[in-house]
Structure formats: C-alpha cells, structure tokens
Protein chains: 2
Amino acid sequence: MAQLDQPQLERMHRYWNAANYLTVGQIYLQANPLLREPLSPEHIKPRLLGHWGTSPGLSFIYVHLNRLIKERDANMIYLAGPGHGGPAIVANVYLEGTYSEVYPHITQDHDGMHRLFRQFSTPGGIPSHVSVPTPGSIHEGGELGYVLSHAFGAAFDNPDLIVAAVIGDGEAETAPLEGAWKSLSYLNPIRDGAVLPILHLNGYKISSPTVLGRASDERIRRLISGYGYDVHFLEGDDPMQMHHAFAELLDTCYEKIRACQEHARSHGVQGVPPWPAIILRTPKGWTGPKEVDGKRIEGTYRAHQVPIDGVKNNPEHLHMLEEWMRSYQPDEIFDENGRFISELAELAPQGTRRMGANPHANGGLLLQDLHLPLFTDYALGVKKPATERHESTRQLGMWMRDIFSANKEQQNFRLFCPDETNSNRLSNVFEVENRCFVEPIISDDDNLSPDGRVMEVLSEHLCQGWLEGYLLTGRHGIFATYEAFAMVSASMTIQHSKWMEEGIKLPWRADISSLNILLTSTCWRNDHNGFSHQGPGLIDTVLSKKGTVARIYLPPDANCLLSVADHCLRSRNYVNLIVIDKQPQLQWLNMQDAIDHCTRGLSTWQWASNDQDVEPDVVMACAGDIPTLETVAAAWWLRQHIPELKVRVVNVVDLMTLYPPYLHPHGMEEAKFVEHFTEDKPVVFAFHGYPRAVHEIVHGRANEERFHVRGFNEEGTTTTPFDMVVLNGMSRYHLCIEVLRRAQRVRGLTPALIAECNDLLAKHHTYVRAHLEDMPEIRDWTWTD
Amino acid sequence: MAQLDQPQLERMHRYWNAANYLTVGQIYLQANPLLREPLSPEHIKPRLLGHWGTSPGLSFIYVHLNRLIKERDANMIYLAGPGHGGPAIVANVYLEGTYSEVYPHITQDHDGMHRLFRQFSTPGGIPSHVSVPTPGSIHEGGELGYVLSHAFGAAFDNPDLIVAAVIGDGEAETAPLEGAWKSLSYLNPIRDGAVLPILHLNGYKISSPTVLGRASDERIRRLISGYGYDVHFLEGDDPMQMHHAFAELLDTCYEKIRACQEHARSHGVQGVPPWPAIILRTPKGWTGPKEVDGKRIEGTYRAHQVPIDGVKNNPEHLHMLEEWMRSYQPDEIFDENGRFISELAELAPQGTRRMGANPHANGGLLLQDLHLPLFTDYALGVKKPATERHESTRQLGMWMRDIFSANKEQQNFRLFCPDETNSNRLSNVFEVENRCFVEPIISDDDNLSPDGRVMEVLSEHLCQGWLEGYLLTGRHGIFATYEAFAMVSASMTIQHSKWMEEGIKLPWRADISSLNILLTSTCWRNDHNGFSHQGPGLIDTVLSKKGTVARIYLPPDANCLLSVADHCLRSRNYVNLIVIDKQPQLQWLNMQDAIDHCTRGLSTWQWASNDQDVEPDVVMACAGDIPTLETVAAAWWLRQHIPELKVRVVNVVDLMTLYPPYLHPHGMEEAKFVEHFTEDKPVVFAFHGYPRAVHEIVHGRANEERFHVRGFNEEGTTTTPFDMVVLNGMSRYHLCIEVLRRAQRVRGLTPALIAECNDLLAKHHTYVRAHLEDMPEIRDWTWTD
Ligand SMILES: Cc1ncc(C[n+]2csc(CCOP(=O)(O)OP(=O)(O)O)c2C)c(N)n1
Ligand SMILES: Cc1ncc(C[n+]2csc(CCOP(=O)(O)OP(=O)(O)O)c2C)c(N)n1
Ligand SMILES: [Mg+2]
Ligand SMILES: [Mg+2]
C-alpha cells in the first residue's frame, strides 16, 4: 500500500476545493470568475441552473482516482451515473487540462474560466449533464439507470481497463441499474477489464430519501455481496479524515482488482472472483452551505439543485454565496492569471492517462474495422423468385459465425441477445463461439463458457446497455431481440440516438460503430405467443429520431438481409434497425438482385408486375417480409383472375428512402419516387408496422392521399400465420379487394372478384377453425407463371 | 402448524397430476381427451404450441395454495410471472370449477375437456399465456418482468389479501423484476396486504442457465435478505417429499405473514418486518419425459416448450407422449364422464376463495367510484385570455389534495411518481398526504410516513407497475412523470393497453379505472436539463394503440387541465395520456370556456382569430401548451402587422378528435372538421410532439397535404425556453413566416414581414447569447388588443 503523507492529502484537498469552486462558479457566475471583486448581482447569471448536490461527491472521487492512476499508472475511465453533476466533471476535466486541449478557447486562465462559467447551461453553451461535449464521457447520465451496464460493456475485451462507475443512490433504485449488478456473472477476469462500482449514498434523490441511503450497512452488504461483490464501506463528512480513508480504500480496491485478475490469469477462470465494490456515504451537497433561511441544506435533499436561490435579488443570499465560494480559497488554488497552481496541477495524471483524455472514452480513436467475410458467400441460390422457403436469419447466423472467427484475434465483436439466439435461428454461431457465463457450468449446458462472446442474459436493458458501452469504447456488435420486446429498452435506443445526434456534430469525437438492432420473431409470426408478443412499435420510435443517425431496414428475404447486415456492420454513428422474421419464408431475390435492390433502397419488381408496356392501374407497395409475401401473392392472384388489370409491385427495403430528401439523406428525389409510384395512381401499401407511419413518411409526396396502407392494426392472438394477416386486414385477399376497389379502368370486372376474395376469406375462417392450421393453398403457395 | 396426513398429500399429488395431464392435453391433443382410445396421429394438433417447462411448477404451487386457502380461509390471488405457462393456470382454474362458470361451453366433462384442449393456442380459441381471458389473472406474464410490481400494487390497501407472485428465474434477470424486490420498503403491514414471492428456480430460461439458478443458496439468501425478506429454501424432485415439505413451508410462511401483520397492527409500524419469501428449486419440466432421442429433457432447458416434437409423424414419439400422459393416470382422476372425481375436486377452495374467482383478480367488481371534489372549485379566474402566468399543475395538485381527503376512508387512491411530485408542482398534496416509506425516517425528511399514499420511488417501472396492479384490483391512481422518461416504461404502457384492448371484449371482466399518465416537465421546458430530457415520444407510442382504449390530451392551461383530469379520473378502461408542463404559463380560458373546449375536444378560438366575417386565409392550429403560446403570439403579431390577413386559431385539446370517426370514437365528423379547418385553406399546425404524427392522424381529411406541421424536431440542449422553440422552428416568428408564405391573397405584403421575422430571430439569437435569458418582449409577452 502506498504511503500517503499528510502534505499530499492536503494538496488533494485543495485540488478538490478547486473542483468544487469551479462547480459553484459554473452554476452561478457569469462574470468575476476569480472573485477578484466583491460579488455583486450583475456577476450572477439570470437563470440559475445545475445540480450541486451530487457534485462534490463526484469530484471527491475524481480527485482520488487521479492519485490512483498516477501512482499505479492505471488505465481508467470514469462514468458518472448522476450525470446531472455535469459541472463537477467539467471542472475536473478542465483542471487536468484536457478541456482546454479539446476546446482551445476555454483557456486555463482568467478569461478561459470566465468563458467556462458563462457557457454552462446557457444558450450556445454546454449542456448541464456529463454529455457528449464532455471529454472523457461515454455516458451522460441524463436518463438514470445505465451507468453499470455501460461500464461493463466498456470493460469487456479491455483487459487492462478499469471503469469506475459512480452510482447515485437514487439511480440505484431504477430497474435498469438494479438489473445490471449481476453483470459480474458475465465478466471474465482474464480477457475483460474491471468495473469498480462506487455506490454514492448521499441519502437522497430529488426530495425523498433513498432506499439504500436508509438501509443499514449490513443490509447493503448482504444485497451487493449477493451479486458476488466484495463490499467496502466508507462513511463520513470530515474532509481530511475522508481523504485519508478513501485513498487507502482505493488502494485496497485496486490491489484486489489486480489480485482477481492475476489469479485468474495465472490459474484460469474459476467462477466469479471477489471483485471489490465501494459504498461511499457522504453528505449531499458536501462542503456547501449548511443552512439557508433557517433550513438545513448540506446533507439534505435541499442540496440537490441550486442550494441558495434568488441570489441576484437577495443580498443576504448573495453574501452567503460569496462566503461559500471563498471557503474554497480561490486565491490559493489559482494564480493571479487564473491558472491552476502547478503544485496542484501536477497531481493530475498525464496525457492519455487523464480520464478526460483516455482514448477508451472516445472509442472511435481505437476502432478497428471488423473483418467481414464476403456476405455473398452465404447467399441462398434463388433460381426463381418465390418458390423456396428458408429461414433467412439462419443465413445471417452462418455469416455471423464467420465474423466471430475472422475477428477472433481482434476480440472486438459480440452478439447480445436475451437468450434467444437459438430461437432466432442464429445458432450457427455456436459452431465457433460460446455463450458467456462465469458461473458454474454443468454437462447439460449448451455452448457455455466464460470465454464466450455471445451474451445471453434475460434483460433487454442489460443486453443493450452492454452493447452501447462496447460500441462507445470502439468495438462492434449486434443486439438481436424479439421485435415486441425491443420496446422494453426503447428509451435506451432513444438516448443512444440522441448521443449520436450530438456526437457527429463534434469533430473531436471519432466515429464509432453503429448500434445494430436486429428485430426478429416479429408481430406477424408471433402467432404462437400471442398478442403481448405482437408489437412493431420500435419502428415508430426510431422514425422520430434524426435522419442523420436513424436507419430502418426491412429486408424481405435472406439475401437482402445479408446485404443489409453487411452495410450496417460497416456503417458508423447510426442506429440501424433491421426487421425480419425467423420462420421459413419464401425467398425472392438472388444475391445480385438483392444487392442492387438494397443499394437502391426500393425497387419495382418487374417479375411480379404486369405493367411492362403501360402505366399501371394500381401500384402495390410493400415493406417487410410478410407484407411482401401477401403483396406478391395478391399480385399473382390478380394476374390469374384479371390479367387486364395492370399492377406494379414495388418493394421497399430501406424505409427512409420514402422520406423527402430534405428530411433524410436516404430520401428519394421526387422524380425517382414518381418513377416507381407514379404521379397519381392509387398505391396499395402493405407495411410491416403500424400502417399510419407510412402516411407520415410519404407526407409531401405527390397526391399523398392516394396511399392506402395496410399494416399491423393491433389485432392479434395465438392463431395461424395467415390468420394474423387476415385479422389485420393485410392478407392477400384484403389487398386484392383494396386494389380492385381502386381500379377504376376495369371496374366492370371487379365486383365479382371482390366477392370471390370475400368468399376465400370466409373459407379461410372456417378452415382454420376446423383444421387448426392454414389452408394448403396458403401455406404452400409459391409463384407460378 | 396444520397436520398434514399422508392421504391428504396423496390426494394433492393426484390433483397435481390432473393439472399436469390437462396441461399436456392442451398442448398436444385435439381429440381423445381422456385417452379412452390408444393415441393416434389424428388426435394430435397439427401445430404444437405452448410451454411445458414452467407448467408443472406453476401447478404445484397452485395446488398447494389451494390447500392453504381452504385450511386458513385465506384471501389469495395468484400471479404467474412465467405467464407462458398458460395451460397450467387454465388447467387449475378449470379443475376448481371457475373456468366452466365463466365459459359455460367448457363443461367439466368429456366434451368440455375436448373443447378445452382444442381451444388452446388455436384459431378462435384462447391465447397461450395467462392472459386476459384467463379467470383469476391480472397479469399475463407475456413481457416478462412485472410480476412483483403488479403483485405489490394489488396488495396495497388490501389489508386482508395475500398475493402469491411466482417469479421465473429467467424473469428474475429482467431489470424491472430486479427493481421490484424493494417494494417491501413501501409496503405498510397495517393497511396493506402481503406479497409472497415464490422464486421458481428451474435452472433455465430458454436455452441458457439462469444466474440465480446457478447461484448458491447462500448467495441468494444474502441477495434477497438484503431487500429485507426472510428467505426460505426448498429444493427437490421427489414429488411426495416435495409435497410434504412445501405444504409445511407454506404454513410457515403464512404464519410469518400473519405474525408480521399482527405485530404491526397491534404495535404500530416499526420498519419493514421480516416478510417471508420462498426460493423453490424444482426441475424444469418436472414429471415430463426424462429423455427424448437420447437427450435429457426433464431438468434441462430442452423442457422449455414442447418437449416431444414431431408426434404426428413419429410413432415412437407418439408412444412416448401417450406413456407420459398415462403416467398421470387419467382414469383415476376423471370419472367415466370426464368429470374430475369429487374426492379431488373438494380439495379446491369454494366460491370466491378460489383463486380463479377471487374478485380482486377482476377488480372492476370491487371498484368504487372516486369521490371527486368539484374541479371547478380549483379554477383560475381567467378574466382575459393570455394575460396572467400560473403553474397549471399546481391547480391540479390542489384538486388532488382534496381527492386524497375525500377518499381517505375508501383508501382507494394513490399518486405514483419517480420522486418528482414537488418538482412537478403537485406539492399541495402534501398538505394532507405523505410520501410512503417504511424505512427509518429522520427529522429532515419532508412529508414522509409509512402511511403515505404518495408513492415516490426512483423507478418509472415500479411506479407504473404498482399503479397497474392497483388499478387491476379495482382502485384509482395517477402516474405523474417527466415526459421524456415516460419512455422508460413505454413497453408497460403498451402491454397495459393491450390488456385493456382485450379486456373490454370480455363481458365478464368488469370495468376498471383508466391508467392515467400525467406527463409534465415536457420537452419544451426541459431547457434546464437538456437534450436527454427532451422527448415527447410516448405520444407516438400511444397513438398506435387502439381507439377503443387510447386517449391523448394536451390541455393548454390550468382550467383545461382540471377539466381533462376530472374526465380521465372518471373514465374506465382507457389509457389516458395528459401532457402539460409545470412552469408558469399563460392562462387562456375561464372555467366555463375550458369545459366547453374540452368537451368539444377542439375549438376555434374566436378571440385570437380575426376571420369573423370571412373565410380565413390561413388556419393556425395548435395542440399543447407551448405550441398554443407560440401560435397565439404569432396570431397576435400578425394582427398587429398585417390586419388584412385573416387568421383563424384552432386549439386542440383531445388529439384523437383529429382522427376520422371510423378510426377513433372521438374522431370528428368530416363536416365538423371542415367547419374548423376549412376545406382547402392552408393549416399551419404547431404540435407538442414530433410533427409528423399529425400527418398520420389527419390522413384521409380533405386536402391533407395542406397541413404544415411544426413540432419537436429533435433539436435541444440546455438553453432558454424561447430558444427551444426557435431551435425547432416552432417559434411564433417561424409560425408567422410559415403563415405569410402560405397567404396567397396578400402576397404583396408578405416579403417585408418575413424579413422582419427573420430579423427578430436573429435578434433573439444574439440577445440570449449576450444576456443568457430571453428577450423581455418574449418572456413577458401577453395578449393585447
Ligand atoms: C430515469 C430517470 N427518472 C427520473 C429522473 C429525474 N431525476 C434527475 S436527478 C434525480 C435524483 C437522482 O438521485 P441520485 O441518483 O441519488 O443522485 P444525487 O443524489 O447524487 O444527485 C431524478 C429523479 C431522471 N434523470 N432519470
Ligand atoms: C421481456 C421479455 N424478453 C424475452 C422474452 C422471451 N422469453 C419467453 S420465456 C423466456 C424464458 C423465461 O425463463 P423463466 O423466467 O426461467 O421461465 P421458465 O423457466 O419457468 O419457463 C424468454 C426469454 C419475454 N417473454 N419477455
Ligand atoms: Mg443521492
Ligand atoms: Mg426458469
């Protein structure tokens, strides 16, 4: 254990003072940053925004991690769960010098400090949270709950890295946070790095005490050790005592981490080793005002945001603020130019060891391209469209198997899935890769090993959080999940999209691999699980995100899926949604046609259309595998029954091509759009998701009211596959009826055919209730000329 | 402790056999239900769907709870976390007689059993999960994770009720489930009932082992006791031994529950008492086939779904199935007519003590109307529109305060909120009601007591899950949350909507109170928290739900909010989204006008329009408080600057009125719609949420392409309120520009005005960066004539 002398601890204390000073300054001041004059109302910002309560604790930890890093040459990054303590992290990144390197106008002097204060939470300035513009951050901590899952994702496959994850005791009440402690059971001490959870019990969330804040040490020890952690407690409010004790505790934890790793690295993985975790109890708003207007502040929920309000108009409050700020002795920590005095500055680590400058927190810097086997090698040989049935995702599984092999050495690819890899027909990956599990393994287990890179935990939150952490630190992966339950972590998809939307604006943030979400077991084919499993809602959620990052693909078959997946895994900075079912399904395109089709985003399928020499009477559009099936089968039926009706079939893979170009970079120019959809002909559109989404996408196109969309209408249960499309009015017969109703030119011929379709629907209804499965002509339908 | 004699245990075993037999029958058979003939392929369903693995465990517990209920006259309901074990619960509800009472055609005889088997997971039949059609269910267990939060919600304010909550070990990995254990810290042993968690460790989820399945008893004890539970273990696979031990264990737990309650009820609440929890380890697919095709089934993940496949075509498998089914000795549990023999049938409780018939599981039967104070008593006296600023939600808080008082005796109203009640300006409720907390309370705490009915836990999942459980058992409540983080539990909103969509189809399910979600701290006024806190996405999610249950209200001010909230709290079977910000905001309507406005759903605001004698040039529509502000301010500006331009202002409170009537019962007839929006005039629409949602809603209206919508475009950060609307192009000046660009009749006058608006926007931009707050003419704007 390192010898900690009193002078060093005192220097650390002053460093902490500096961070706290800068935190308060950011919240309150727009001028007079160094308090060179007595504080007066015009120095105060007109709107006081920011969170003080969590900040001193965040800074305390930062300062101490700095010491640890410096002494041990440790490779560490810092994730602030209570990201509302933005000014604290910005203060520390500024003190260590990173901030001025990234933002040269925020110099380490009087003027720079002035700008630092003014920019915080103000127009044209920086956000209040530890967000994208904060160097060293891969986690903004805005929507609470993900700090541990992000931390573990960052640690995976980074054997040297230690991720310090500060968890607020309020945050600790969120479901995603509680669900992330068990990540330990998936952390391999040989090939992965370490996570050091620091549960920061300052007792309160916004106004209420926290459950863990009020729990006894004994109860907390039981809880956290129940996950396998070796739990360490520290509580106090006397700064010097706390400095001493926390420095020692960090040394202890560091050594325990290294011991866990060394033991496993020399003796092999033997279950989950006793990784340390810290429970730190300090007062909320520590070192801040003790009392304001007769009410206790420090150590209470009242310290959460801006502890002294009305400073501009209340001279007494203004005076309290000044006293508070001066208690940090700014004159002794900043020199006359406002520069951090070197005696303190040198406590920070150097170069990329600074937590704000660690490349793992700007993962794109470390990103290595995936070695991607030629996806065309996994193609299905489709000789004739719509004649053979195959499980499309199985082809993807084979390709992914070989991605695992090709990147074995790079160790930078993982598949995340809530225990559905087999169910989703991706099981070929198990030929070369295992499921990861660091708990005991028994003989019945299927492809399970501490070395696996298929991450199966029954938590969409954890799968996605791990993947996000993995991506943000410069690696690659896929999250494969049942379509309906992708909504479980929809808010994470939103937050990650927002992160990306901001990230791409910052030139210093290097590109990272896209968040690839594969939705299988879709609404149309969850006929066996029923209504709760039928929900294509994530499409609507992602549609609302910015065109700069949001992508939605609906490949209709295996070859298109391969082409799309290849594109997505090569892409950067996007959120890619890929939607396709896992059941055997008709295959439409050979590989070359699939590539052309996916490159264009949408195509007219000549072979399914009969409008070769003329303008079509009706355009039949489709997006998604089942809608494609129903559309093509409808076109086929119409061709048999009313060949004089001219129908064009357009298939959409890349949903965003339907947007006007000013809304999405994939958006199709109007002229091209009209080439496919005509100017004014009715379009009967079968859509995978909720139908009205298409109306919002095609808004602004010529004669938008001619789009008649069928899709998932919230009708579902456990039934047959065809009954699902019938219930939702999207069956081939419904589409035929819709087309026939719109086909003005041949309207003499249509009533009889509409009646026939209705008869077929009635026949289906009776048949499935009698036979409990679909009619053979439906089940086994293929295209014939 | 009750004396359990061997004959009784044997009878219970045979009862369990009956349940298992019926479970297998439902999965496999379409004929020959009693195996009166040798099994042959035509008896087998064409598609084998269902989950065997979890079922025997679910039934084991059911049978034993029956005994407990009967012996103690206990008031219990059963929540099956692994709801995919639907056939097991249906089997038990059938055996106890409830099923035939609810569904008279499913008689307790040969033909009824035949229908019972055939209907399971088949077209026109019943779903595979423990869903809405299952008597006794308030939890379908489709999307895993909510069984504990639902259970606690059901137990709140039901002092006599014991809710048995079976948790799958896979389910136990989900974040919402892990986040729900701590509900104990909010369960008051005096006024609330009890939850008995039964963690069912069958070792596997779908293909992988589970974390807790592999954890030692010691680790599990630490974990679960860390939440405060008194943990009891039982493990085994020998049925008779297990019957004996489980019966004893249930007796023990029952007595411990009653002891916890009695102690508190005679001595007062003294922290969280040691509530029992059960950890039950049994083999997955217990009593099912041991081995199939050389692979172990019972006790492995292979038992999860249909353990013997291909039965129709594989004679050996058919034979195994027959042996398996006969192992339950159907001839000795059902008489020659197929009736459950009375010796066993009498083991079930009677009447409403049967878990399938307990009225708490059909909560509408117990529902008592809320006493609602006259909401008009809380009105703001708005003399003139748009002249005073008030916090609208504060008025709601006062009304809610008095709702708490008025229903003090009924004890059937709670407010659920992730520690934001104060922040959301609902703090007047604390004049009469406390926050609930059963952990230690200290003097600094603010309105905290074990008796409180304001439920503040920092978990949207837990808040919503509790509320759902509370509603489903026939009570009332509100979930108030920051708008952006409503997406955290969006999937729960979806699942609850689906439950309601199905529930209203079943005449035997009595109406329950609506799920009321109040979204405050909205995107437009999260200017202080920044981009992660700015997301109106839940609107899109709820829009996709069926018109029969989904409602979205955007009251623009306090009086409208009161009127809407009154309506929502009186409503039944809906999911009501109410969106309004908490900051001081201009008030538009006096109470009578507000009531009229909300009753209509949308109105033309004459006072803000200047088209009294003529057709308007442009319609300005708005939905949401901030869009209304910007729209009215724009109309005012236009009136000052170009009075010859005729502008009509239409405000929308009830978003669903915009739908065509065939899509939503609130949908406005086209003629009425045209009265407000005209037939063909341009409509500039300022919308609270993502703008394109409006296009999907107005699709089908006359000339839908004339709707030009502004809304939240994913532009945000920490800035001033007005800068937020500027960034998203929805500011009054943007709206003016849009109107001027569309105003053909006066186009000679518009270029100069457009330039002026652009200048004002530039002025704003410079001003906020210089002054860090909005220009006074914006901040303090009011309507003047
Ligand atoms: C998911 C989510 N719900 C609600 C909030 C609103 N919120 C912001 S800070 C806070 C309290 C946080 O408490 P804690 O984690 O203890 O942080 P600290 O006390 O360190 O500030 C809440 C509820 C949020 N940011 N995220
Ligand atoms: C949120 C969610 N994610 C995924 C699934 C898919 N799924 C259905 S059953 C199951 C395994 C459940 O395991 P467990 O809770 O242990 O139940 P049991 O073993 O008793 O069947 C999974 C992952 C689901 N139903 N819900
Ligand atoms: Mg806290
Ligand atoms: Mg299990």
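That block above? That's the structure.
Residues numbered from 1 in each chain as written. Chains lettered and ligands numbered in written order. Predicted model: local features only at pLDDT ≥ 70, side-chain atom pairs only at ≥ 80, totals over all residues. Heavy atoms only, no water.

Caption draft 1: Representation of the overall build of chain A within the structure. Assigned secondary structure in chain A consists of 26 helices and 22 strands. By principal-axis analysis of the C-alpha atoms, chain A measures approximately 95 × 65 × 40 Å. Taking the contacts inside chain A whose residues are at least 6 apart along the sequence as the reference set, 78% of them involve residues at least 24 apart. The centroid of the 70 positive side-chain charges in chain A is displaced by 2 Å from the centroid of its 98 negative side-chain charges. (Helix = DSSP H or I, 4+ residues; strand = E, 2+ residues; numbered from the N terminus. Contact = heavy atoms within 4.5 Å. Lys, Arg positive; Asp, Glu negative; His and termini not counted. Charge placed at Lys NZ, Arg CZ, Asp CG, Glu CD.)

Caption draft 2: Quick look at the coordination of the magnesium ion (ligand 3). All names here are of chain A. Those donors, Asp169 (OD), Asn202 (OD1) and Tyr204 (O), are the protein atoms that reach the magnesium ion (ligand 3), and they lie 2.0 to 2.1 Å from it. Read N to C, the donor residues that coordinate the magnesium ion (ligand 3) are spaced as D-x32-N-x1-Y. Residue Asp169 is located in the loop between β2 (161-168) and α7 (175-178), and its partner Tyr204 is located in the loop between β3 (194-201) and α8 (211-214); the two are separated by 35 residues in the primary sequence. The burial state of Asp169 is the same as that of Tyr204; both residues are buried. (Donors = N, O, S within 2.8 Å, 3.2 Å for Na, K, Ca; no water. Buried < 20%, exposed > 50% of the residue type's maximum accessible area, 1.4 Å probe, protein only.)

Caption draft 3: Local environment of the nonpolar core. Of all hydrophobic cores here, the largest spans 362 residues; its most connected members are Phe685 of chain A together with Phe685 of chain B. Contacts of Phe685 of chain B, omitting those with residues within four sequence positions, involve Ala621, Cys622, Ala623, Val652, Leu658, Val694, Phe707, His708, Val709 and Arg710 of chain B. (Core = buried A, V, L, I, M, F, W, Y, C linked by side-chain atoms within 4.5 Å.)

Caption draft 4: The pairing of strand β15 (residues 550-553) of chain B, seen in detail. Residues and elements named next belong to chain B. Residues Ala550 and Ile552 line one face of β15 and the alternating positions Arg551 and Tyr553 line the opposite face, and both faces are buried. With four bridges joining them, β15 and strand β16 (residues 575-579) adopt parallel strand pairing. Each bridged residue has a counterpart across the sheet, and for Arg551 the counterpart in β16 is Asn576. Between the parallel elements β15 and β16, the chain passes through helix α18 (residues 558-570) in a crossover that is right-handed. (Pairing = 2+ DSSP bridges. Right-handed = clockwise from strand over helix to strand, strands pointing away.)

Caption draft 5: Here's a closer look at the coordination of the magnesium ion (ligand 4). Residue and element names in this part refer to chain B. Taken together, the protein ligands of the magnesium ion (ligand 4) are Asp169 (OD), Asn202 (OD1) and Tyr204 (O), with distances of 2.0 to 2.1 Å. Within one chain, the residues donating to the magnesium ion (ligand 4) are spaced in sequence as D-x32-N-x1-Y. By relative accessible area, which is 4% here, Tyr204 ends up buried.

Caption draft 6: View of the environment of Val694 of chain A. Here Val694 of chain A lies in helix α22 (residues 692-698). The residues contacting Val694 of chain A, other than those within four sequence positions of it, are Phe685, Phe687 and Val709 of chain A.

Caption draft 7: The relation of the copies chain B and chain A, seen in detail. If you rotate chain B by 180 degrees and push it 0.0 Å along the axis, it lands on chain A with an RMSD of 0.0 Å. These values place the two chain copies in the arrangement generated by a two-fold rotation axis. (Least-squares fit on C-alpha atoms with pLDDT ≥ 70 in both.)

Caption draft 8: Spatial organisation of the site of ligand 2. In the neighbourhood of ligand 2, 23 residues make up the surrounding shell, with Glu460 of chain A together with Thr54, His84, Gly170 and Lys284 of chain B lying closest. Near ligand 2, the surrounding residues are drawn from chains A and B. His84 of chain B places a side-chain nitrogen or oxygen 2.7 Å from an oxygen atom of ligand 2. Between Asp169 of chain B and ligand 2, the recorded distance is 2.7 Å, taken from a side-chain N or O atom to an oxygen atom. About the coverage of ligand 2: the protein hides 98% of its 590 Å² of free accessible area. Of the residues contributing to the shell around ligand 2, the split by class is eight nonpolar, eight polar and seven charged. (Near = heavy atom within 4 Å. Polar contact = N/O pair within 3.5 Å; in protein donor to acceptor, adjacent residues only side chain to side chain. Areas by Shrake-Rupley, 256 points an atom, 1.4 Å probe, with all protein chains shown as cover. Nonpolar A, V, L, I, M, F, W, Y, C, P; charged D, E, K, R; others polar.)

Caption draft 9: Structural view of the site of ligand 1. Taken together, 23 residues are adjacent to ligand 1, and Thr54, His84, Gly170 and Lys284 of chain A together with Glu460 of chain B come closest. Close to ligand 1, residues of chains A and B are found. Contact distances for ligand 1 include 2.8 Å between a nitrogen atom and a backbone N or O atom of Gly142 of chain A. Taking Glu171 of chain A, its main chain carries an N or O atom lying 2.8 Å from an oxygen atom of ligand 1. Considered on its own, ligand 1 offers 590 Å² of accessible surface; in the complex 98% of this is hidden by protein.

Caption draft 10: Layout of the interface of chain B and chain A. The partner chain A presents 124 residues to the 124 residues of chain B that form the contact. Summing both sides of the interface, chain B and chain A together bury roughly 10100 Å²; the carbon and sulfur share of this comes to 52%. Here chain B is connected to chain A by 18 salt bridges. Glu714 of chain B is the salt-bridge partner of Lys498 of chain A, the closest N and O atoms lying 3.3 Å from each other. Across the chain B-chain A interface, the total number found is 73 residue pairs in polar contact (both at pLDDT 80 or more). Of all the secondary structure elements, the ones that give two or more residues to the side of chain B that touches chain A are α7 (175-178), α8 (211-214), α9 (217-226), α16 (490-503), α22 (692-698), α23 (721-727) and α25 (750-771) of chain B. Of all the elements, α16 of chain B adds the most residues to the side of chain B that touches chain A, at seven residues. Classifying every residue of the side of chain B that touches chain A by side-chain character gives 45 nonpolar, 39 polar and 40 charged. (Buried area = accessible area lost by both parts, 1.4 Å probe. Salt bridge = Lys/Arg side-chain N within 4 Å of Asp/Glu carboxyl O.)

Caption draft 11: Spatial organisation of the sheet that holds strand β20 (residues 647-652) of chain A. Residue and element names in this part refer to chain A. On the basis of which strands lie adjacent, the open sheet formed by five strands has the order β18-β20-β19-β21-β22 and mixed pairing. Only two strands of the sheet have a single neighbouring strand rather than two, namely β18 (602-604) and β22 (707-710). Taking the axes of each pair of neighbouring strands and ignoring which way they run, one obtains an average angle of 20 degrees across the sheet. Pairing of strand β19 (residues 618-623) with β20 involves six bridges; the strand directions are parallel. The residue bridging Val619 from the neighbouring strand is Arg648, located in β20. Its contacts with the sheet put helix α21 (residues 670-677) on β18, β19, β20, β21 (683-687) and β22, and the angle it makes with β20 is roughly 130 degrees. (Axes fitted to C-alpha atoms, helices over the stretch in contact; angles between N-to-C directions.)

Caption draft 12: Highlighting the packing of aromatic side chains. Residue and element names in this part refer to chain B. For the structure on display, the rule yields 68 aromatic pairs over all chains. Ring geometry for Trp16 versus Phe60: centroids 5.3 Å apart, planes at 70 degrees, classification edge-to-face. Separated by 44 residues along the polypeptide, Trp16 in helix α1 (residues 6-28) and Phe60 in helix α2 (residues 55-72) bring together distant segments of the chain. For the pair formed by Trp16 and Phe60, the shared burial category is buried. (Phe/Tyr/Trp six-rings, centres within 6.5 Å; stacked < 30°, edge-to-face > 60°.)

Caption draft 13: Quick look at the sheet that holds strand β5 (residues 276-281) of chain A. Residue and element names in this part refer to chain A. Pairing is parallel in the open sheet, where five strands are placed in the order β1-β2-β3-β5-β4. Either end of the sheet is taken by a strand with one partner, and the two such strands are β1 (75-80) and β4 (230-235). Direction aside, neighbouring strands of the sheet carry axes that sit 20 degrees apart on average. Note that β4 and β5 share six bridges and pair parallel. Considered in β5, the bridge of Asp230 is made with Pro276. Here helix α9 (residues 217-226) sits on the sheet and contacts β3, β4 and β5; the angle it forms with β4, its principal contact strand, is near 150 degrees.

Caption draft 14: Examining the pattern of salt bridges more closely. Inspection of the entire model under this criterion finds 104 salt bridges over all chains. With a shortest N-O distance of 2.6 Å, Asp444 of chain B and Arg296 of chain A are connected by a salt bridge. A residue pair is termed interchain when its members come from two chains, as with Asp444 of chain B in the loop between β10 (435-436) and β11 (448-449) and Arg296 of chain A in strand β7 (residues 295-296). In this structure Arg296 of chain A comes out as partly exposed when scored by relative accessible area, which is 41%. Asp680 of chain B is paired through a salt bridge with Lys681 of chain B; the nearest N and O atoms lie 3.4 Å apart. When its relative accessible area of 44% is taken as the criterion, Asp680 of chain B is described as partly exposed. Each member of the salt-bridge network shares a partner with another, and the members are Arg67, Glu71, Arg72, Asp251 and Glu255 of chain A.

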